[in-house]
Amino acid sequence: MQLSLAGCWQLSPLTDLSIPQEDLCFPGPLSSALPESLDESRIAEQEWHLMHDIEVDEQLLSYPAIDLVLEGIDYHAEIRLNGIALFDCDGTQSIYKKEIRSLLNLGKNRIEILFLYPEDEWLIDSEETEQCLLGKLSPQRYDERIGIWREPYLHCISHVRLEHVTTEQIWHHGGGCELLITLFFKPYAAGLISASVRFDHVTYQLPIDIRSDHVSALFQVEAPKYYQPESPNPKDLYTISVELDGQKAELQLGLSDRFCVTHFPL
């Protein structure tokens, strides 16, 4: 289940306090609630505070896991819930999400988004540590104007959380290949649930055993479209559609004997 957080959000200035407070809904730019005398460049130069209150009842708290999901934020922002810092939107991801079930209170809860100047680099520890990146980070820019360009929402999970998808390509010497798609999940509560995996016009329904943490589907590809990494063609990409316990993901994959295992963190 998804609970929309589209509006209304109270917008307040943090730099020029003479600017009046206004309410606005998302998706959209901050300028939609600001005086016309403020152009987009002046808006981007200032710091802003957004505040949205939600009422949480016992039915909502009955879900074992609840994610706050934000997308379409191109400028640096700090996200808080009931005064507690959750995460920063720092341009490294297209979609940001955080499990917040344990931080919600019965009754009124406040979500805040603060568009702030990023900290100076010299204040940050410059020591770097090696990281193993399972998937390519490919954040897209939504708009040059400061705002939120996708509807924010709470995602309530009933039984299992879809966390990760991997694909493994097995190529045959005589032609064709097999594609093994594995879904990794975190179980929360028992129930009769299944996962849907669609690839190349074929859909499998996979029953979920919550005593495990993954489930797999094997697809046969007789005449695959071959993907050339050195000269990529979007038309050669396949779409993998996954659905599990209300969570959906669409992934793009190229088939090539130069690829073995591909990871898609979610």
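Residues numbered from 1 in each chain as written. Predicted model: local features only at pLDDT ≥ 70, side-chain atom pairs only at ≥ 80, totals over all residues. Heavy atoms only, no water.

Asker: Would you explain the domain arrangement of the protein in this entry?
Answerer: How big an interface is tends to be stated in terms of the accessible area lost upon association of its parts. As assigned here, the protein comprises domain 1 (2-156) and domain 2 (160-265). For domain 1 versus domain 2, the separation of C-alpha centres amounts to 31 Å. On the domain 2 side, the residues contacting the seven residues of domain 1 number seven residues. When domain 1 packs against domain 2, close to 610 Å² is buried across both sides, 58% of that on carbon and sulfur atoms. The tally of links from domain 1 across to domain 2 stands at one salt bridge. Among the salt bridges present, the one from Arg161 reaches Asp67, with a minimum N-O distance of 2.4 Å. Taken together, the links from domain 1 to domain 2 amount to one residue pair in polar contact (both at pLDDT 80 or more). Tallied by class, residues from the side of domain 1 that touches domain 2 come to three nonpolar, two polar and two charged. (Domains from an automatic or database assignment. Contact = heavy atoms within 4.5 Å. Buried area = accessible area lost by both parts, 1.4 Å probe. Salt bridge = Lys/Arg side-chain N within 4 Å of Asp/Glu carboxyl O. Polar contact = N/O pair within 3.5 Å; in protein donor to acceptor, adjacent residues only side chain to side chain. Nonpolar A, V, L, I, M, F, W, Y, C, P; charged D, E, K, R; others polar.)

Asker: Just checking my understanding: could you explain the sheet that holds strand S14 (residues 177-187) for this structure?
Answerer: Whether parallel or antiparallel, the strands of a sheet pair through hydrogen bonds between backbone atoms. An order of S17-S14-S13-S20 is seen for the four strands of this open sheet, with the pairing classed as antiparallel. Two strands close off the open sheet at either side, each with one partner strand: strand S17 (214-221) and strand S20 (261-265). Across the sheet, the mean angle separating the axes of adjacent strands is 15 degrees when strand polarity is ignored. (Pairing = 2+ DSSP bridges. Helix = DSSP H or I, 4+ residues; strand = E, 2+ residues; numbered from the N terminus. Axes fitted to C-alpha atoms, helices over the stretch in contact; angles between N-to-C directions.)

Asker: Looking at this model, I keep getting lost on the pattern of salt bridges. Mind explaining?
Answerer: Here the idea is simple: oppositely charged side chains can pair when their charged atoms come close. For the structure shown, the criterion picks out seven salt bridges. As a salt-bridge pair, Asp209 and Arg211 come within 3.0 Å of each other at their nearest N and O atoms. Judged by its relative accessible area of 76%, Arg211 falls in the exposed class. For the salt bridge of Arg258 with Glu230, the shortest nitrogen-to-oxygen distance reads 2.4 Å. (Buried < 20%, exposed > 50% of the residue type's maximum accessible area, 1.4 Å probe, protein only.)

Asker: Explain the pairing of strand S6 (residues 65-71) here, please?
Answerer: Each regular strand displays side chains that alternate between the two surfaces of the sheet. Burial analysis of S6 places six of its seven residues in the buried class, which makes it a mostly covered element. Relative to strand S12 (residues 153-157), S6 runs antiparallel, the two being bridged by five bridges. The partner of Leu68 across the bridge, within S12, is Leu154. As judged from the five bridges shared by S6 and strand S9 (residues 95-99), these two strands associate in the antiparallel manner. The residue of S9 that forms the bridge with Leu68 is Lys98.

Asker: Before we go on, may I ask you to explain the side chain of Thr166 in this structure?
Answerer: In this fold, Thr166 is placed in strand S13 (residues 160-171). Among the residues examined, Thr166 registers a relative accessible area of 11% and is labelled buried. If sequence neighbours within four positions are ignored, Thr166 has contacts with Leu180, Ile181, Thr182, Phe184, Thr262 and His263.

Asker: Can you walk me through the environment of Glu55 in this structure?
Answerer: Along the polypeptide, Glu55 turns up in strand S5 (residues 48-56). Contact partners of Glu55, with chain neighbours within four places excluded, come to Gly107 and Lys108.

Asker: What should I look at first to understand unusual backbone geometry in this one?
Answerer: Note: most peptide bonds trans; most residues except glycine with negative phi. Cis geometry is adopted by the peptide bond preceding Cys8, which originates at Gly7 and carries an omega value of -5 degrees. Within the element layout of this structure, Cys8 appears in the loop between strand S1 (2-4) and strand S2 (9-13). For the bond from Phe26 to Pro27, the omega torsion is 10 degrees, close enough to zero to count as cis. Here Pro27 lies in the loop between strand S3 (22-24) and strand S4 (28-29). For Asp200, which is not glycine, the phi dihedral falls at a positive 55 degrees. Along the chain, Asp200 turns up in the loop between strand S15 (194-199) and strand S16 (202-207). The backbone of His201 sits at a positive phi, close to 70 degrees, despite the residue not being glycine. Within the fold, His201 resides in the loop between S15 and S16.

Asker: I tried to follow the packing of aromatic side chains on my own but got confused; where do I start?
Answerer: The relation between two aromatic rings is expressed through the spacing of the ring centres and the mutual angle of the planes. Evaluated as defined, the whole model comprises seven aromatic pairs. Ring geometry for Phe87 against Tyr96: centres 6.1 Å apart, planes inclined by 5 degrees, an arrangement best described as stacked. Each member of the pair Phe87 and Tyr96 is classed as buried. With 4.6 Å between their ring centres and 20 degrees between their planes, Tyr204 and Phe219 make a pair best called stacked. Placement of Tyr204 in strand S16 and of Phe219 in strand S17 is noted, with a sequence separation of 15 residues between them. Judged by relative accessible area, Tyr204 falls into the partly exposed class, the value being 32%. Judged by its relative accessible area of 2%, Phe219 falls in the buried class. Through a chain of ring-to-ring contacts, three or more aromatic side chains come together here, namely Phe199, Tyr204, Phe219 and Tyr238. When the ring centre of Tyr75 is taken as origin, the NZ or CZ atom of Arg141, which lies over that ring, is 5.3 Å away. (Phe/Tyr/Trp six-rings, centres within 6.5 Å; stacked < 30°, edge-to-face > 60°. Lys NZ or Arg CZ within 6 Å of the ring centre and 35° of its normal.)

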